[in-house]
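Observations on the model geometry
Next come the chains, spelled out residue by residue.
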Amino acid sequence: MVALSRPSSSSSSSSSIKYDTIIFDLGDVLFTWSPSTKTSVSPKTLRSILQTTTWFQYEKGEISEEECYASVALEMALSPSEVRDAFQHARETLVSRPFMVDLIRQLKPGRKIYAMSNISSEDFDFLRTKSSDIDLFDHCFTSSAAGERKPNIGYFRHVLEQTGADPARTIFVDDKLDNVLAARSFGMTGILYDDFENVERHLRNLCFDAKARAEVFMRQNACKHLSYTSTGVTIHENFAQLLILEATHDPTLVNYTKYDGPFNFFRGEGELTTSAFPCDVDTTSIGITCSDHMSPEKRNEVMDAILQLRNADGIPQVYFDTSRPRIDPVVCVNVLTLFYKYGRGKQLKQCYEWVESVLRYRAFNEGTRYYEPPEAFLFFLSRLFLVAPDVHKRLGPIFAECCRERLGMKGDALALAMRVLCCNFAGIDASGDLMMLRSMQDIDGGWPDGWFYKYGSNGVLIANRGFTTALAINAIKGSGLRMKRPSSITNLKQAWNDTVVRIPYRLRATSYDAH
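So, a few notes on the structure that sits alongside this text. None of the values given here were measured: they were computed from a predicted structure.

**A word on the packing of helix 18 (residues 389-406) against helix 19 (residues 413-426)**
- One can describe the packing of helix 18 onto helix 19 by two numbers: an axis separation of 10 Å at closest approach and a directional angle of 130°. One element, helix 18, and the other, helix 19, form an angle in the oblique class. Viewed along their axes, helix 18 and helix 19 form a crossing whose handedness is left-handed. Across from H392, F399, A400, C403 and R406 in helix 18, the residues of helix 19 making contact are R419, C422, C423, F425 and A426.
- A per-class count over the contact of helix 18 with helix 19 returns 7 nonpolar, 1 polar and 2 charged.

**Focus: helix 14 (residues 296-307)**
- With 12 residues, helix 14 should cover 16 Å at 1.5 Å per step; its first-to-last C-alpha distance of 17 Å lies within 8% of that length.
- Buried positions along helix 14 lie against helix 13 (281-290) and helix 15 (329-341).

**Some details on the pattern of salt bridges**
- As enumerated under the stated definition, the model contains 29 salt bridges in all.
- The residue R84 makes a salt bridge to E66 at a minimum N-O spacing of 1.9 Å. Of this pair, R84 sits in helix 4 (residues 80-92) while E66 sits in helix 3 (residues 65-76), and the two are 18 residues apart along the sequence.
- Exposure remark for R84: the relative accessible area of 22% places this residue in the partly exposed category.

**A few points about the sheet that holds strand 4 (residues 112-117)**
- Reading across from one edge, 5-4-1-6-7 is the order of the 5 strands in this open sheet, with parallel pairing throughout. At either margin of the open sheet sits one strand with a lone partner, and together these are strand 5 (139-142) and strand 7 (189-192). In this sheet, neighbouring strand axes are inclined to one another by 20° on average, regardless of whether the strands run parallel or antiparallel.
- Relative to strand 5, strand 4 runs parallel, the two sharing 4 bridges. Bridged to M116 within strand 5 is F141.

**Some words on the sheet that holds strand 8 (residues 227-229)**
- In spatial order, the strands read 9-8-11-10; together these 4 strands make up an open sheet with antiparallel pairing. In this open sheet, the two edge strands, each paired with only one partner strand, are strand 9 (234-235) and strand 10 (451-454).
- With 3 bridges connecting them, strand 10 and strand 11 (residues 461-463) associate as antiparallel partners. Across the sheet, the residue bridging to Y453 is I462, located in strand 11.

**Observations concerning the environment of D250**
- With respect to the helices, strands and loops of the structure, D250 is situated in the loop between helix 12 (239-248) and helix 13.
- Judged by its relative accessible area of 0%, D250 is buried.
- Expressed as a C-alpha distance, the spacing of D250 and A222, which sit 28 residues apart in the sequence, is 9.9 Å.

**Examining the nonpolar core**
- Counting residues in hydrophobic clusters, the biggest one holds 97 residues, and the most contacted among them are Y371, F377, F380 and F452.
- Take this core: its biggest share by element is 11 residues, from helix 19.
- If near-sequence neighbours (up to four positions away) are discounted, F452 is found in contact with F239, L243, Y370, Y371, E372, P373, A376, F380, L414, M418, I462 and F467.
- Residues F137, V199, L203 and L206 belong to the second largest nonpolar core, which totals 31 residues.

**Examining the packing of helix 19 against helix 20 (residues 431-439)**
- At a minimum axis separation of 9 Å, helix 19 and helix 20 run at an interaxial angle of 145°. Pair helix 19 / helix 20 crosses with left-handed handedness. Contacts from A413, L416, A417, R419 and V420 of helix 19 reach helix 20 at D433, L434, M436 and L437.
- Per-class residue counts for the contact of helix 19 with helix 20 are 7 nonpolar, no polar and 2 charged.

What counts and what doesn't
Residue indices begin from 1 for each chain and proceed along its sequence in written order. In keeping with the model being predicted, local features are shown solely for residues with a pLDDT of at least 70 and side-chain atom pairs are shown and tallied solely at 80 or more, while totals for entire chains, interfaces and linings include all residues. Excluding hydrogens and water, the side-chain figures rest on all heavy atoms present in the structure. In this analysis an axis means a line fitted to C-alpha atoms, helices contributing only their contacting stretch, and an angle means the value between N-to-C directions, from 0 to 180 degrees. Helix numbers and strand numbers start at the N terminus; a helix is a DSSP run of H or I with at least 4 residues, a strand a run of E with at least 2. Reported orientations rely on four angle classes, namely roughly parallel under 35 degrees, roughly antiparallel over 145, roughly perpendicular from 65 to 115, and oblique for the rest. The handedness criterion is simple: a crossing whose near helix is rotated anticlockwise from the far helix by less than a right angle is left-handed, and one whose near helix is rotated clockwise is right-handed. We call two residues contacting when some pair of their heavy atoms lies within 4.5 Å. Three classes are used, and their members are as follows: Ala, Val, Leu, Ile, Met, Phe, Trp, Tyr, Cys and Pro are nonpolar, Asp, Glu, Lys and Arg are charged, and the others, Gly among them, are polar. What a helix should span is 1.5 Å times the count of its residues minus one. Note on definitions: salt bridges are taken to be side-chain nitrogens of Lys or Arg within 4 Å of carboxyl oxygens of Asp or Glu. Exposure classes here rest on a 1.4 Å probe applied to the protein chains alone. A residue is buried below 20% of its type maximum, exposed above 50%, and partly exposed in between. When DSSP finds at least two bridges between two strands, those strands are taken to pair. Residue types Ala, Val, Leu, Ile, Met, Phe, Trp, Tyr and Cys, when buried and joined through side-chain atoms within 4.5 Å, form a set referred to as a nonpolar core.

In structure tokens, the structure reads:
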């Protein structure tokens, strides 16, 4: 577990800070040692000695090594020689963590890297002979030289004065909460070291460009952005592929099936469901709006077929199969987007009215039959606004209210990305959620699981890291531009397009598989 401090200003975020200084603790961060020695002093006693006032004085250089050993021996009912032997054996167990050394080497270019340790002069001299990794640091600050020790604020003030570091551009890493708290009190960004993988993730997220790392992730996994379920099954489907295409405008990143008619969710037979799975209006609506291979005549034919699927309430059912009478408001939004895009929105008046009621009365707040996060409804509604200025004019204010209401709510990476995108769209400051989204970026540059949709019959969830990552890139980019509420549909489209990630040409694959 890693605790990451928030920036001192509520109006700033870590994304806007260029960190030029990192201060690392040494013991149990860069180096590790064992209190288990082949002596009469137990590990528990050895650790207890390290917490005595006498040892603190020794670390600050106020007493000599001999005085320290003699005093703690008296406190612990040991002989000075037993204490000396125990610490000599403990010194021999000291080893550096190669993975931490490698990370520091990657972080070092363009930054000052310092060590700040509670350590006696004798122990530091031994450390210098034991490992050449000390040379990684521009300077090592020791408690014995400073006459202060962590968490005393005088020690932190000393280091800042000596380095000239700007606390707002400085990261501090330590395995003791008291020390991290003291650093934060100066305005530094503090990371509490407990698990290397989490520390590495946070350091990379703070020090390296999120969008650039994410674009590399997208390119390295081109045509391999497969979806998977909460039960651990990889599924081959069209839906996420089409949305990745829309989010990136890069067909080299995805595999999807081109249909000259209704689209199927799966790229082959149904998985975790009936093998002969019917086509659905949701994937069909997304497919026609995201791709451009279908002729106008065939497109209108498909839209006519969708109209025939309306139930007695005028709501289009999900499947091109009357034996599966299902409805979902998110699916309705996507159908409306298709119809409004091609000038036929007025044919779905009852569908529109239901969508408006779902929005107005927050019926989506616990997700829907097929979509897990509430933000999915708002995200797809923002797509509808792009092609339906009258709908945006009527529903935009309610949409903005819903976005504000969701600020700060718990959510996974996908929910946060969608939330930030929707807030960007509405001109709402979502910097807190954006900071949380940034902190979730994984070491490989992508974002972790974000449960998107689900099997309606059994509730098995489906995620796609490629889609989550594409939306996260757009959310971060859009937050930098933050859209004001557009006055016209032309400005609305341009504002949306400005947030769409474009994978640099040099990173693109040369071909893609379109069945």
